[in-house]
Amino acid sequence: MYTTELQKSAAVASTEDADKLAAFEARVAADEFIEPKDWMPEAYRRTLVRQISQHAHSEIVGMLPEGNWITRAPSLRRKAILLAKVQDEAGHGLYLYSAAETLGTAREEMIEALHSGKAKYSTIFNYPTLTWADIGAIGWLVDGAAIMNQVPLQRTSYGPYARAMVRVCKEESFHQRQGYEIMMHLAAGTDAQKRMAQDALNRWWWPSLMMFGPPDENSPNTAQSMRWRIKRETNDELRQKFVDITVPQADAIGLTVPDPAVQWNEEKGGYDFGQVDWSEFYAVVKGEGPVAKERMAARRKAWEDGAWIREAADAYAAKQVEKRKAA
Amino acid sequence: MSKDWPLWEVFVRSKGGLSHRHVGSVHAPDAEIALRHARDTYTRRMEGVSLWVVPSASIIASDPSDDGAMFEPAEDKIYRHPTFYNIPDDVKHI
Ligand SMILES: [Fe+2]
Ligand SMILES: [Fe+2]
C-alpha cells in the first residue's frame, strides 16, 4: 500500500441519517460510483481524504530517492527515461491531490500536513538509494508493488479516485519495465555489476513486501474499507500475489530473493515465504526510517526554493488583471 | 502557509473530430499557466491535440439531490427511441 493504514477508527457516527446511510451502503454494495457532490458518511469522506492524500504524498516524496540519480544516470538513454519516470510520479501526485480536493480538503492543507511531518506517506521512500542498481530495484519492485495495489483501486467506489487510478495504472507499467530492464542488464554484466544488482534486490525486497501494510489480523479497518470498496483486496492477498509473480522474475535474470524460506507450495498454488520484520515497519511508520529526516528536509527545501517563482507568477497574474481593467 | 492558486478544470480533445473531454484539474494563477500545467500534467503521452482550461468556479453543476426532478421525466418517454415502433420485418431501410 502507498498508505500506512495506522488510522484512527473509521466507525460511522450514529447521528447520521439512517436512511441516507442505508441508501449509500446499497449503492456502494452494487458497485456504483460515488461522486463529489453525492451524500456520503463523514467517516467515508475522512477515510478517503486520508487514504488519497497519503497516496499523493507517496508519489511526491517518491520522486526524491530516484531524483538522487538523475544527474548520475549511466547513459543519456537512462537519464531521459528516469526523468520521464520521475515526472510521471509528479503527475500521479497531482492527479491524487486533485481527487482529494473534491472531498473538500484544500491542496495547501495537504501540502502543509506533509511538510510539517503530520501526514504519512509510504514507508518505502525512507530508505536510501545507494547505487544505480537501486533505481532498477525501485522500478521493478516498488512500482511493481504499487501496481499490485493500484490495479484493484481502479474500481474503487469514489469516482475521482478511481479515475485517477486509471490514469496512474496506464503509466506505471513503463516504470516497472524500465526498472526490470536496468536489473536485467546489470545481472548480465560484469561480476561487480551482478553483485550490485543482487545487493539492491537484497535491500529492497523486504521493504517492498512491507508496502502492502501490516498482516490482515493487525489491519482493523480492512473490513470497513472493503465494504466501502475503497480497498478491494486485503494486504496479505496482495502481498502473496506480489511474491508469486516476482520470485520467477528474479529467477529469470539469475537473481535470488533474500529469503531462504521462499519455496513453491503446490497445494496453495503460491510461494511460501518468511516473516516480514514488522517491528522495522512500525519503526519506519513512526518516522525512524533511515533517511526520513533527509526526505522531509529535501521536500521543504524544494517548496521554499520555489517560493519566488510562485510569488512572481502571482504578481504577474495580478498585473494582467489590472491591465485588463485599465484597458 | 501559502494560499492555493485558483482551480481550473482541464478538457482534452484526444484527436481531431472528437469532443473535448474532462480529464482533471490543475491549480494556476492565470489562464496561460493553467494551460501549461494542464499540458505537463495531462498530455505527456500524446493524449491530446487541443486543451481547454476553465475556471472551476465558472462551472455550474446540477445538484445530485435534484436528480429525480432533473432526469426522471425522460424515463417514461420511451417513444423517443426508435425501438418503440413496431415495423413489419419485410419493410426495409427504416
Ligand atoms: Fe506513481
Ligand atoms: Fe511509478
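Up top is the structure these notes are about.
Residues numbered from 1 in each chain as written. Chains lettered and ligands numbered in written order. Predicted model: local features only at pLDDT ≥ 70, side-chain atom pairs only at ≥ 80, totals over all residues. Heavy atoms only, no water.

Chemist: Honestly, the overall build of chain A in this entry has me stumped. Any pointers?
Modeler: Per the secondary structure count, chain A includes 13 helices and 2 strands. Computed over C-alpha atoms, the radius of gyration of chain A comes to 21 Å, within 12% of the 20 Å expected from 2.2 N^0.38 for 327 residues, which places it in the range of a compact globule. Taking the principal axes of its C-alpha atoms as reference, chain A extends roughly 70 × 55 × 35 Å. Considering only contacts within chain A whose residues lie at least 6 apart along the sequence, 79% involve residues at least 24 apart. Element-wise, carbon and sulfur atoms account for 57% of the exposed surface of chain A, whose accessible area totals about 14,800 Å². For chain A, the distance from the average site of its 41 positive side-chain charges to the average site of its 45 negative ones is 6 Å. (Helix = DSSP H or I, 4+ residues; strand = E, 2+ residues; numbered from the N terminus. Rg over C-alpha atoms; globule rule 2.2 N^0.38 Å. Contact = heavy atoms within 4.5 Å. Areas by Shrake-Rupley, 256 points an atom, 1.4 Å probe, with all protein chains shown as cover. Lys, Arg positive; Asp, Glu negative; His and termini not counted. Charge placed at Lys NZ, Arg CZ, Asp CG, Glu CD.)

Chemist: Help me out: how do you make sense of the interface of chain B and chain A in this one?
Modeler: By a widely used convention, the size of an interface equals the accessible area lost when the partners come together. On the side of chain A, 22 residues touch chain B, which itself brings 21 residues to the contact. Of the roughly 1,900 Å² buried where chain B meets chain A, counting both sides, 48% is carbon and sulfur surface. The tally of links between chain B and chain A comes to 5 salt bridges. A salt bridge links D88(A) to R45(B), with the nearest nitrogen and oxygen atoms 2.4 Å apart. Every element with two or more residues in the side of chain B that touches chain A is listed here: β2 (20-27) and α1 (31-42) of chain B. No other element matches α1(B), which puts 4 residues into the side of chain B that touches chain A. A class-by-class count of the residues in the side of chain B that touches chain A yields 9 nonpolar, 5 polar and 7 charged. (Buried area = accessible area lost by both parts, 1.4 Å probe. Salt bridge = Lys/Arg side-chain N within 4 Å of Asp/Glu carboxyl O. Nonpolar A, V, L, I, M, F, W, Y, C, P; charged D, E, K, R; others polar.)

Chemist: Even after reading the chapter, I still don't get the side chain of T131(A), so can you show me in this structure?
Modeler: Residue and element names in this part refer to chain A. Tracing the sequence through the fold places T131 in the loop between α5 (107-115) and α6 (132-153). A residue is classified by how much of its surface remains accessible, and T131, at 18% relative accessible area, is buried. Apart from the residues within four sequence positions on either side, T131 is in contact with W69, M196 and R203. (Buried < 20%, exposed > 50% of the residue type's maximum accessible area, 1.4 Å probe, protein only.)

Chemist: Got a minute to help me understand unusual backbone geometry in this structure?
Modeler: Trans peptide bonds make up the majority, and among non-glycine residues the majority have a negative phi. You will see that D31(A), though not glycine, has its phi angle at about 65°, which is positive. Relative to the elements of secondary structure, D31(A) occurs in the loop between α1 (18-29) and α2 (42-61). The exposure class of D31(A) is partly exposed, given its relative accessible area of 43%. Here the phi dihedral of M46(B) falls at roughly 55°; this positive angle occurs in a residue that is not glycine. Mapping M46(B) onto the fold places it in the loop between α1 and β3 (50-55). Note on M46(B): relative accessible area 79%, which makes it exposed.

Chemist: Looking at this structure, how should I read the coordination of the iron ion (ligand 2)?
Modeler: For a metal bound by four donors in a tetrahedral arrangement, the ideal donor-metal-donor angle is 109.5 degrees, while six donors in an octahedral arrangement ideally sit at 90 or 180 degrees. All names here are of chain A. Of the protein atoms, only E89 (OE), D143 (OD), E172 (OE), E172 (OE) and H175 (ND1) coordinate the iron ion (ligand 2), at distances of 1.9 to 2.8 Å. Linear spacing of the donor residues for the iron ion (ligand 2) on their chain is E-x53-D-x28-E-x2-H. Metal-to-metal, the separation of the iron ion (ligand 2) and the iron ion (ligand 1) is 3.3 Å; E89 coordinates the two. Note that E89 is positioned in helix α4 (residues 76-101) and E172 in helix α7 (residues 159-187), a separation of 83 residues in sequence. Of the two residues, E89 and E172, neither departs from the other in class, the shared state being buried. (Donors = N, O, S within 2.8 Å, 3.2 Å for Na, K, Ca; no water.)

Chemist: I would appreciate a short explanation of the sheet that holds β3(B) in the present structure.
Modeler: Two pairing modes exist for strands in a sheet, parallel and antiparallel, and in both the strands are linked by backbone hydrogen bonds. Residues and elements named next belong to chain B. Strand order in the open sheet formed by 3 strands is β2-β1-β3, and the pairing between neighbours is antiparallel. Sheet topology places β2 and β3 at the edges, where each strand pairs with a single neighbour. Averaged over all adjacent pairs, the angle separating strand axes in this sheet is 30°, with direction ignored. Note that strand β1 (residues 7-13) and β2 share 7 bridges and pair antiparallel. Directly across from E9, in β2, lies its bridge partner S25. (Pairing = 2+ DSSP bridges. Axes fitted to C-alpha atoms, helices over the stretch in contact; angles between N-to-C directions.)

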